[in-house]
Amino acid sequence: MNVNDVLADLSRRFPNEPEYLQAVSEVLKSIEDVYNEYPEFERYNLVERLCIPDRIFTFRVTWTDDSGRIRTNMAYRVQHNNAIGPYKGGIRFHASVNLSILKFLAFEQTFKNSLTTLAMGGAKGGSDFSPRGKSDMEVMRFCQAYIQELWRHIGPETDVPAGDIGVGGREVGYMFGMYKKMAREHSGTFTGKGLEFGGSLVRPEATGYGNVYFLLNMLATRGIELKGKRVAISGSGNVATYTADKLLSLGAKVVTMSDSDGVIHVPDGLTREQLDYIFTLKQIYRGRIREFAEEYGCEYVEGGRPWSFPCDIAMPSATQNEIDGDDARALLANGCIAVSEGANMPSTPEAVDEFIKARILYAPGKAANAGGVSVSGLEMAQNSQKLSWTAKEVDDYLHRIMNDIHSQCVKYGSEADGYVNYVKGANIAGFMKVARAMMSQGIL
Ligand code: NDP
Ligand code: 2IT
């Protein structure tokens, strides 16, 4: 393949999908050389079959709000690739959701899931429904209406959704309930379920904890200690809070957290009590991070992001393209030595180039945040066994998986000067497994 030709063709066919084209471009550029070593890949047109999703469901969701008004939203499920296992990936509810964003996420998920060492294909779903400001009953009615349409396309061996932005335990519970009713089966069709009905211990913590385990592996390659390091985190949702939780227990300092309205800055690092406050504020009361600043009197920048504050390590954990080239240069100028991505594709291509040019430790989301879907895979295994593992068993397994993903990145991403290019490593390792599985299964 010639990457430029493939990208030109995809841009012509999908002109209004910038996020999708961005994700595809990054992967194809890293795998081009390896791909071209196998002429059979090109003969079987693996590249197009790998970039274009297997199928996409698009539908309208109709629900009734608390005032009795009938509301509609657009909703989707992108089943990208099931070469190595059932389709697997989260569901995102956010006003910004569109097909381009879900296609990029499903594409990334395919390579991420391949890296986990578990048997999972790639998918993503969601809706432009915004849970912000909605009552519990409105969220429930929306989730039920979404699943009334989607249920026939998912199943424990077909496609297993989970959470993502705007979808946590509450939403998974409502969706699972309606799935169970429609499909007349109690199975492991969702992950991130409540513990009482098949959920796994450590699934809520898994993405954040996994990211810190990955970071520890990266720091170890340079003999750097995490203890005492200042870490800038963006977001204050599931991934951000459990990242902060693990960092605090390992003696690092969390100096920023944020939400879509602004950022808090705590130069000496959050205390455990302050982090608990943020957890309750965001997860239980669904409040704003500004309220934390009001309570504790710390610096708050409305509309701001964490990247201009001094830090040693950045762990973006909110959304895509939240670190641009200028942000990356500001981080580097302030002495940032490592970036480990909790969010999916939080750094723009220009930002990634800056990090790699500066030779800092830089882990792309598909490697660093794979702990979440990994424990989802472990939840599927427990559901199949009709057993529950202990928190220690799951956490130990998560540790092993993150260490393994790190080793795969080192194996495929080490450059002549010894620098580990984790982007290249993750993309090649993720790609090779999917490619081999697709080659074995014929033209589909
Ligand atoms: P949550 O909904 O729990 O939290 C999202 C956080 O990011 C909130 O603080 C939210 O702010 C902020 N945010 C969302 N969208 C934007 C935006 N457009 N601009 C600025 N801030 C924004 O989601 P998660 O923590 O689950 O997900 C965070 C990231 O991690 C996403 O990129 C997701 O794809 C990725 N991820 C999640 C996994 C999981 O297991 N949940 C696994 C792997 C990756 P506000 O409160 O204002 O909405
Ligand atoms: O981006 C992700 O990996 C997730 N949102 C988690 C997916 C999952 O199936 O657990």
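Structure's up top.
Residues numbered from 1 in each chain as written. Chains lettered and ligands numbered in written order. Predicted model: local features only at pLDDT ≥ 70, side-chain atom pairs only at ≥ 80, totals over all residues. Heavy atoms only, no water.

Trainee: Would you mind showing me how to read the pattern of salt bridges here?
Mentor: Between side chains of opposite charge, a pair can form when the charged atoms approach closely. Enumeration over the complete set of coordinates arrives at 30 salt bridges. The shortest N-O distance in the salt bridge between aspartate 326 and arginine 329 comes to 2.8 Å. With aspartate 326 and arginine 329 both in helix 12 (residues 325-333) and three residues apart, the pair spans about one turn of that helix. Residue classification places arginine 329 among the partly exposed residues on the basis of a relative accessible area of 33%. The network of salt bridges with shared partners includes Arg132, Asp259, Asp261, Lys282 and Arg288. (Salt bridge = Lys/Arg side-chain N within 4 Å of Asp/Glu carboxyl O. Helix = DSSP H or I, 4+ residues; strand = E, 2+ residues; numbered from the N terminus. Buried < 20%, exposed > 50% of the residue type's maximum accessible area, 1.4 Å probe, protein only.)

Trainee: For this particular structure, what's the right way to read the sheet that holds strand 8 (residues 262-265)?
Mentor: Whether parallel or antiparallel, the strands of a sheet pair through hydrogen bonds between backbone atoms. Read across the sheet, seven strands follow the order 9-8-7-6-10-11-12 without closing on themselves; strand pairing throughout is mixed. Unpaired on one side and paired on the other, strand 9 (299-302) and strand 12 (361-363) mark the two borders of the sheet. Shown here is a sheet whose adjacent strand axes are inclined to one another by a mean of 15 degrees, direction ignored. Note: strand 7 (residues 253-259) against strand 8, four bridges, orientation antiparallel. Considered in strand 8, the bridge of aspartate 259 is made with glycine 262. (Pairing = 2+ DSSP bridges. Axes fitted to C-alpha atoms, helices over the stretch in contact; angles between N-to-C directions.)

Trainee: Looking at this structure, I do not really get the site of ligand 1. What am I missing?
Mentor: The local shell around ligand 1 holds 25 residues, among which Asp164, Thr207, Ser260, Arg288 and Asn344 are the closest. A distance of 3.0 Å separates an oxygen atom of ligand 1 from a polar atom in the side chain of arginine 92. Alanine 318 is positioned such that a nitrogen or oxygen atom in its backbone is 3.3 Å from an oxygen atom of ligand 1. The protein chains hide 83% of the 890 Å² of surface that ligand 1 would expose on its own. Of all the secondary-structure elements, those providing two or more residues to the shell around ligand 1 are helix 8 (203-221), helix 9 (238-249) and strand 7. Among the residues making up the shell around ligand 1, the classes are represented as four nonpolar, 14 polar and seven charged. (Near = heavy atom within 4 Å. Polar contact = N/O pair within 3.5 Å; in protein donor to acceptor, adjacent residues only side chain to side chain. Areas by Shrake-Rupley, 256 points an atom, 1.4 Å probe, with all protein chains shown as cover. Nonpolar A, V, L, I, M, F, W, Y, C, P; charged D, E, K, R; others polar.)

Trainee: When you look at the site of ligand 2 in this model, what are you seeing that I'm missing?
Mentor: Neighbouring ligand 2 are 14 residues, the closest being Lys88, Lys112, Asp164, Arg203 and Ser376. Contacts to ligand 2 include lysine 88, whose side-chain N or O atom sits 2.6 Å from an oxygen atom. Contact between ligand 2 and aspartate 164: a nitrogen atom at 2.9 Å from a side-chain N or O atom of the residue. When isolated, ligand 2 has an accessible area of 300 Å², and the protein chains bury 93% of it. If you list the elements that add at least two residues to the shell around ligand 2, you get strand 3 (87-93), helix 5 (99-115) and helix 15 (371-385). Its residues assigned to classes, the shell around ligand 2 comprises two nonpolar, seven polar and five charged.

Trainee: Please explain the nonpolar core as it appears in this structure.
Mentor: Buried together is how nonpolar side chains tend to be arranged in soluble globular proteins. If you look at the biggest cluster of nonpolar residues, it comprises 57 residues, and the most contacted ones within it are Phe214, Leu247, Met257 and Ile264. Top element by residues in this core is helix 8. It accounts for eight residues. Those residues in contact with phenylalanine 214, other than ones at most four positions away along the chain, are Ser340, Ala363, Ala367, Ala368, Met402, Ile405, His406, Cys409 and Tyr422. By size, the runner-up hydrophobic cluster in this structure holds 41 residues, among which are Ile31, Phe104, Ala106 and Met345. (Core = buried A, V, L, I, M, F, W, Y, C linked by side-chain atoms within 4.5 Å. Contact = heavy atoms within 4.5 Å.)

Trainee: Explanation requested: unusual backbone geometry in the structure shown.
Mentor: It is generally the case that most residues other than glycine have a negative phi and that most peptide bonds are trans. In this structure, asparagine 45 is a non-glycine residue whose phi angle is positive, near 45 degrees. Looking at the secondary structure, you find asparagine 45 in the loop between helix 3 (39-43) and helix 4 (46-51). Of note, arginine 286 is a non-glycine position whose phi angle comes to about 50 degrees, a positive value. Take arginine 286: it is sitting in the loop between helix 10 (272-284) and helix 11 (290-296). Judged by its relative accessible area of 46%, arginine 286 falls in the partly exposed class.

Trainee: Explanation requested: the packing of aromatic side chains in the structure shown.
Mentor: Each pair of aromatic rings is reported with the distance of its centres and the angle of its planes. All told, the structure shown has 24 aromatic pairs when counted by the stated rule. Each ring, one from phenylalanine 41 and one from phenylalanine 431, has its centre 5.8 Å from the other, and the planes form 85 degrees; the classification is edge-to-face. Linking phenylalanine 41 in helix 3 with phenylalanine 431 in helix 17 (residues 422-440), this pair joins segments that are 390 residues apart in sequence. Assigned by exposure class, phenylalanine 41 and phenylalanine 431 land together as buried. Aromatic pair phenylalanine 129 and phenylalanine 142: ring centres 4.0 Å apart, planes at 5 degrees, arrangement stacked. (Phe/Tyr/Trp six-rings, centres within 6.5 Å; stacked < 30°, edge-to-face > 60°.)

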